[in-house]
Amino acid sequence: MLIGIDVGGTYTDGVVFDRGEVIATTKVPTDDNDIKSTVLQVLDKLLLKQDKSDITRIVLSTTVVTNLLATGKGERTALLLIPGYGLPADAYDISDDTFFLKGGIDFRGRELDPLDEKELIQIGDNIVAAGIKRAAIISKFGNRNDNLEKQASHYMAQHYPQLSVTTGSQISGKLNFPRRATTAYYTAITSKEWNRFVDEIDQALTERGLDCEVHILKADGGTLALDVSRDMPCETVFSGPAASTMGAMALAGEGMNSVVLDIGGTTTDIALLIEGEPLYASKGASINQRYTHINAFAVRSIALGGDSCITVNAGQVEVQAYRRDVAACFGGSSATVTDAFNYKFNLNIGNPELSAAALEQIGGSAMSTEEVGAAVVAIVTNRLQDVITSMFKEWENEPAYKVWEVINKRKFTLEQITGIGAASRAIIPELADAMQVKHFIHQYADVANALGAAVARPTLAVNLHVDTQTKIYTLDPGGVRGTLENPHNFQLKDAREMARKHLEQVGKERGMASYTNESSFFMEEQFNMIGGWDQTGKLFDVGIQVTPGFIEEFKGVKI
Amino acid sequence: MKPTGILFFPAFDWAISPTHPEREERLLYTRDQIFEEGIMDLLQIREYQPGLATAKDIARVHFCVPDVEAQITEAHLVSAGSALRIADAYMEGEIKNGFAIIRPPGHHSKTVSHGNRGFCNINNEAIMIEYLRQKYGIKRVAIVDTDVHHGDGTQEIYYNDPDVLFISFHQDGRTLYPGSGHMDELGGPLAYGTTINLPLAPRTTDTGILYALEKLIMPILEEFKPELIVNSAGQDNHYSDPLADMRFSAQGYARLNEILAPDIAVLEGGYSVQTALPYVNMGLIMAMAGIDYSNLREPDYVPERMRENPANLEYIDKMVKRQLQVFRQREEQIEKNRKTRERFHHVHKQIFYDTDYIHEEQSIQLRLCPDCPGFRLIESTAQHRNGYYYRVYCVSIPANACASCQSEARSCYTDMSGNDRYDLVYLQDRVNNDFRSIDIKKDVEMVL
């Protein structure tokens, strides 16, 4: 028996799923100030009629870190940057407590300039004097050579034992210094609070006598064991849209080009599935307008949902970003998007007469009920259609760096719209009609998010960079750096093998060994380095991953 | 403020040969540097996806022998297509300026293309300019070639076009490929003075190059008033370039682009793949986007080693003064040429394709028209690498041709279309956007 819990902005959903069927669901309002209690409330309701010993796995998708980052209430953290030459210092607008260190590394991982110890003392003293207890140290090209980050980190740990230090190379091995710095910084500021949440959940589960696997859902639609998540809190941001997308995949099944619309009360999350695979944000998750190295689905959220309020001003119908109440057809106080669709297409949702009355009231003498309804439908379908089209375009316009990628550029042809979320039943059929594609809304569409969390499997991506001339390799995650044993005969197959072994190793450490044999290579690059007219070495970049998918026991959902 | 458009197409799967300077690795470290800097994430920058040029875009500039497909690979279509894409973004007003960091390069490719010269098969800048003239109706364009090698292909393509100003500074042709670009190459009789060359002595530094920029190039641009300024942006004036011998730095390149303020820059040569390119490309992007580049430099840069020789500055100053005078007297000279010359101006040329080892013989007739820059008739012969010996006849009508030149040139094409002296007869009619050729032996006309 599996439990999935998805903490949303307004409501928290929970499901119990067993052998293809949802056997219990629940929904409670989310208390943003006490997410732990909300989660436990849902859990307790779900457990009411179940035998605790039957529960084998619990997956949580939470907004703890998302909220912390959005409200800026993370722990005060000093950001120590080693940028070397390049962009000016004012390009790095990440933290108010930013300090710049001397030192430099180049793209081959060669050390250009050393650290300055006097500068370290001065900065360390300033940080401690300001009462800061946490620091993140990131060097440009620290992913190719983490020596400077390590030296600075050791120095700080030795001289200022009260300081907790994170380094960039531990967080990510990918190129893009500002994104590594941002990700390391966000990890540092959320670490304390997240660990407290994990402790509390851990304790609460023990108190309830639950002894099953517990996972946290990540932004990439994969799960992470609760305990492993302690080191990477930021991976848990935006897990709500990830839960919905995984839910849609679980319900829709087939590998086609589709768009997933999760239409809630006031927001709609839109994701693309390309040949059945969810599309990732090419620049990583964007948090507070800053790009990060957190792998996330390319989800667009717009302020438009089933409960979005409708107004009429001087004959002009508008769909507002805010919500006053539930839809009039459910006894709400004013006209909503759901009411307009209900009226226009005779959907018979709730009490349709109340929908008509609410529309008539806001139309007043200026507009007929029919006109108001038609205008709302047009606004909603146009807005959704525009966003969907611009997402296709964005995907089609992704940069390409190889000839074959340009020549074989794919076009996105939409085959299906998959609707999930409470309000999708009203809106999706009409939108699909307007876009002339088929649509799909499963009977479990309302709890697809929690269901998606319940059945999602762990994910893991490993990146390897090898330089046979300097004989150095670096592996991510973990910021592993080592010396090659056979640099002269090192070939692409050796690089693949090395990356695969690291994947297995990390998989084992993370308790997901049974999934690492389902990995696939997502990047294989090799370059000959030429000096004069001779080959002096080779460079390899290899990536291998366990993509988002479902746990072994999930064999589909009964319709 | 509009962003700067960047189109980065490193063609990681294309090389002339595995150890050739034009190999997969060329922009690898540039990729590492610009990705690591995260410069594409800045609001001042917008990244663009590569595009694909069509055979017609290429035929607008070149007579490819025997046809376009024979002279290019897919990589060339993407490289040229990427220049078109960044140019479209500029013309549509999406960006304030744009930089196409693309390969393969193109500035050694001339009007007739029998093969690869100086690593180039087709001329990206010329294809871009003719595309823009056709699509947006722009007329006056200036190309500043900042590659260390003379941009002989671009010069040849626009040698008789008074509406395209071509300025090239480069290491003196007596010391470097392709050996041309001397002071007296000033344009054809009816386009005199809109080709300007500045052959610089080896080891010229930032000071010398920026002096020429401020004292010669900028005043000429101001007087010429182009609608578009294109930087044919080679990066091999750099002090570490393995194929040349100049002393220019990343800071120098950034400053040059800040002053020149090109609307569009298109990468040409530059083969110091680790020591120069990552930093020079950063410098260009930063300068074009208006980002402070004072913290940018090469790790091995020592300014004291790059002092300009006063005698060299004097030498540059002399060239600057002479070329400025030529430019300012160009209209008088053109009037004189119109009166004294014959109906057709004849030129005979031998062109060597160093990469493909092809010798081409060309005989050109330029119509000295009283009303327009005139059309060109080119007879060209060359033996290709595959052993075939081609003799072709090409008719080229410029975009600004007068009605009588158009009809005369088109009848030249018709007259020659049955002449079995030739393997192929081509028509390049830019006025009507009509590009065609006849395979004489097969008696088949191909229309693009």
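Residues numbered from 1 in each chain as written. Chains lettered and ligands numbered in written order. Predicted model: local features only at pLDDT ≥ 70, side-chain atom pairs only at ≥ 80, totals over all residues. Heavy atoms only, no water.

## Re the overall build of chain B
Helix and strand counts for chain B come out as 12 helices and 17 strands. Taken against the 2.2 N^0.38 rule, which gives 22 Å for 448 residues, the C-alpha radius of gyration of chain B at 21 Å falls within 12% of a compact globule. With the C-alpha coordinates of chain B rotated into their principal frame, the extents come out at 65 × 45 × 40 Å. For chain B, with 448 residues in total, the buried portion stands at 66%. Taking the contacts inside chain B whose residues are at least 6 apart along the sequence as the reference set, 72% of them involve residues at least 24 apart. Taken as a whole, chain B presents about 15600 Å² of accessible surface, with 48% of it coming from carbon and sulfur. (Helix = DSSP H or I, 4+ residues; strand = E, 2+ residues; numbered from the N terminus. Rg over C-alpha atoms; globule rule 2.2 N^0.38 Å. Buried < 20%, exposed > 50% of the residue type's maximum accessible area, 1.4 Å probe, protein only. Contact = heavy atoms within 4.5 Å. Areas by Shrake-Rupley, 256 points an atom, 1.4 Å probe, with all protein chains shown as cover.)

## Let's talk about the interface of chain B and chain A
Contacts between chain B and chain A engage 47 residues on the former and 46 residues on the latter. Each partner contributes to the roughly 3800 Å² buried at the junction of chain B and chain A, and carbon and sulfur atoms together form 59% of this total. The largest per-residue losses of area from chain B upon contact with chain A belong to Glu36(B), Asp41(B) and Gln49(B), which jointly make up 19% of the total buried on that side. Scanning the region where chain B abuts chain A turns up 6 salt bridges. In this structure, the salt-bridge partner of Glu37(B) is Lys140(A), at a minimum N-O distance of 2.8 Å. Along the contact surface separating chain B from chain A lie 26 residue pairs in polar contact (both at pLDDT 80 or more). Among the elements that line the side of chain B that touches chain A, the one with the most residues is helix α1 (residues 28-37) of chain B, at 8 residues. Class assignment for the residues of the side of chain B that touches chain A results in 25 nonpolar, 8 polar and 14 charged. (Buried area = accessible area lost by both parts, 1.4 Å probe. Salt bridge = Lys/Arg side-chain N within 4 Å of Asp/Glu carboxyl O. Polar contact = N/O pair within 3.5 Å; in protein donor to acceptor, adjacent residues only side chain to side chain. Nonpolar A, V, L, I, M, F, W, Y, C, P; charged D, E, K, R; others polar.)

## Thoughts on helix α12 (residues 424-435) of chain A
Residues and elements named next belong to chain A. When the terminal C-alpha atoms of α12 are compared, their 16 Å separation across 12 residues agrees well with the 16 Å that a helix rising 1.5 Å per residue should span. For α12, every residue scored as buried is listed here: Ser424, Ala426, Ile427, Ile428, Leu431, Ala432 and Met435. Of the surrounding secondary structure, the elements contacted by the buried residues of α12 are β13 (258-263), α8 (337-344), α10 (369-396), β21 (416-420) and β22 (438-440). (Expected span 1.5 Å × (residues − 1).)

## Focus on the domain arrangement of chain A
Here chain A is described as being made up of domain 1 (77-187), domain 2 (302-445) and domain 3 (460-546). Here domain 2 of chain A and domain 3 of chain A have C-alpha centroids that lie 47 Å from each other. (Domains from an automatic or database assignment.)

## What to know about helix α5 (residues 124-136) of chain B
It helps to recall that an α-helix has 3.6 residues per turn; residues three or four apart then point in one direction. Residue and element names in this part refer to chain B. Taking 1.5 Å as the rise per residue, α5 with 13 residues should run 18 Å; its terminal C-alpha atoms sit 18 Å apart, in good agreement. Most of α5 sits out of view: 10 of its 13 residues are buried. Residues of α5 that are buried include every one of Asn124, Glu125, Ala126, Ile127, Met128, Ile129, Glu130, Tyr131, Leu132 and Arg133, and no others. Where α5 begins, one side-chain oxygen reaches toward the backbone nitrogen of Glu125, 3.3 Å away; that side chain belongs to Asn123.

## Comments concerning the packing of aromatic side chains
According to the stated counting rule, one finds 26 aromatic pairs over all chains in the structure shown. When the ring of Phe352(B) is compared with that of Tyr357(B), the centres are 5.2 Å apart and the planes differ by 90°; the resulting orientation is edge-to-face. For Phe352(B), a relative accessible area of 33% corresponds to the partly exposed category. Overall, the relative accessible area of 61% leaves Tyr357(B) in the exposed class. Connected via pairs of aromatic rings, a cluster forms that spans Phe107(A), Phe141(A), Tyr29(B) and Tyr279(B). One cation-aromatic arrangement involves Arg140(B) over Phe224(B); the distance from NZ or CZ to the ring centre is 4.0 Å. Here the guanidinium or amino end of Arg330(B) rests over the ring plane of Phe327(B), the centre of that ring lying 4.0 Å away. (Phe/Tyr/Trp six-rings, centres within 6.5 Å; stacked < 30°, edge-to-face > 60°. Lys NZ or Arg CZ within 6 Å of the ring centre and 35° of its normal.)

## Let's talk about the sheet that holds strand β25 (residues 480-483) of chain A
Ordered in space as β25-β24-β23-β27-β26 (chain A), the 5 strands form an open sheet in which the pairing is antiparallel. Each having just a single partner strand, β25 and β26 (520-531) of chain A make up the two edges of the open sheet. Ignoring which end each strand starts from, the neighbouring axes of this sheet average 10° apart. Two strands pair when backbone bridges link them, and β26(A) and strand β27 (residues 534-546) of chain A are joined in this way by 11 bridges, in the antiparallel orientation. Looking at the pairing, Met523(A) lines up with Gly543(A) of β27(A). Against the sheet, α1(B) contacts β26 and β27 of chain A, and its axis sits at roughly 120° relative to β26(A). (Pairing = 2+ DSSP bridges. Axes fitted to C-alpha atoms, helices over the stretch in contact; angles between N-to-C directions.)

## Side note on the packing of helix α1 (residues 35-47) of chain A against helix α6 (residues 177-207) of chain A
All names here are of chain A. Axis separation between α1 and α6 bottoms out at 10 Å; the angle between their running directions is 25°. Taken together, α1 and α6 sit at an angle that is classed as roughly parallel. Between α1 and α6 the crossing geometry is right-handed. Of the residues in α6, those touching α1 at Ile35, Lys36, Val39, Leu40 and Leu43 are Phe197, Glu200, Ile201, Ala204 and Leu205. Residue classes in the contact of α1 with α6 are distributed as 8 nonpolar, no polar and 2 charged. (Parallel < 35°, antiparallel > 145°, perpendicular 65-115°, else oblique. Left-handed = near helix turned anticlockwise from the far one by under 90°.)

## Focus on the sheet that holds strand β9 (residues 228-233) of chain B
Residue and element names in this part refer to chain B. Pairing is parallel in the open sheet, where 8 strands are placed in the order β2-β1-β4-β10-β9-β6-β7-β8. Strands with a single pairing partner mark the edges of an open sheet, and in this sheet they are β2 (45-47) and β8 (195-200). Averaged over all pairs of adjacent strands, the angle between strand axes in this sheet comes to 15°, irrespective of strand direction. Across 4 bridges, β9 lies against strand β10 (residues 264-267) in parallel orientation. Its bridge partner lying in β10, Val230 is registered against Ile264. In this fold helix α9 (residues 277-289) packs onto β1 (4-9), β2, β4 (97-102), β9 and β10, with an angle of close to 165° to the strand it touches most, β4. Set on the sheet, helix α10 (residues 310-328) makes contact with β7 (164-171) and β8; between it and β8 the angle comes to about 175°.

## Some remarks on the environment of Lys508(A)
All names here are of chain A. Residue placement: Lys508 occurs in helix α14 (residues 492-509). For Lys508, a relative accessible area of 64% puts it in the exposed group. A sequence separation of 488 residues divides Lys508 from Gly20, and the C-alpha atoms of the two residues are 28 Å apart.

## Topic: the confidence of the model for chain B
Per-residue confidence for chain B averages 96 on the pLDDT scale, and 100% of its residues sit at or above 70. Scoring of the predicted complex yields 0.94 for pTM and 0.94 for ipTM. (pLDDT = per-residue confidence, 0-100.)

## What to know about the side chain of Thr245(A)
Among the structural elements, Thr245(A) can be located in helix α7 (residues 239-252). What Thr245(A) contacts, discounting residues up to four positions off in sequence, is Ala271(A), Leu273(A), Pro278(A), Phe297(A) and Val299(A).

## Details of the pattern of salt bridges
Under the criterion given, the structure shown has 63 salt bridges over all chains. A salt bridge links Asp152(B) to Arg117(B); the nearest nitrogen and oxygen atoms lie 2.9 Å apart. Highlighted residues: Asp152(B) in helix α6 (residues 152-157) and Arg117(B) in the loop between β5 (112-113) and α5, separated in sequence by 35 residues. Of the two residues, Asp152(B) and Arg117(B), both sit in the buried class. Through salt bridges with shared partners, a single network forms among Arg144(A), Lys402(A), Glu525(A), Arg31(B) and Asp32(B).

## A closer look at the packing of α8(A) against helix α9 (residues 352-363) of chain A
Residue and element names in this part refer to chain A. α9 packs onto α8 with a crossing angle of 110° between their chain directions and a minimal axis gap of 9 Å. When the interaxial angle is binned, α8 and α9 end up roughly perpendicular. In the packing of α8 onto α9, the handedness of the crossing is left-handed. In contact with Asp339, Ala340, Asn342 and Tyr343 of α8, α9 contributes Pro352, Ser355, Ala356 and Leu359. By residue class, the composition of the contact of α8 with α9 is 5 nonpolar, 2 polar and 1 charged.

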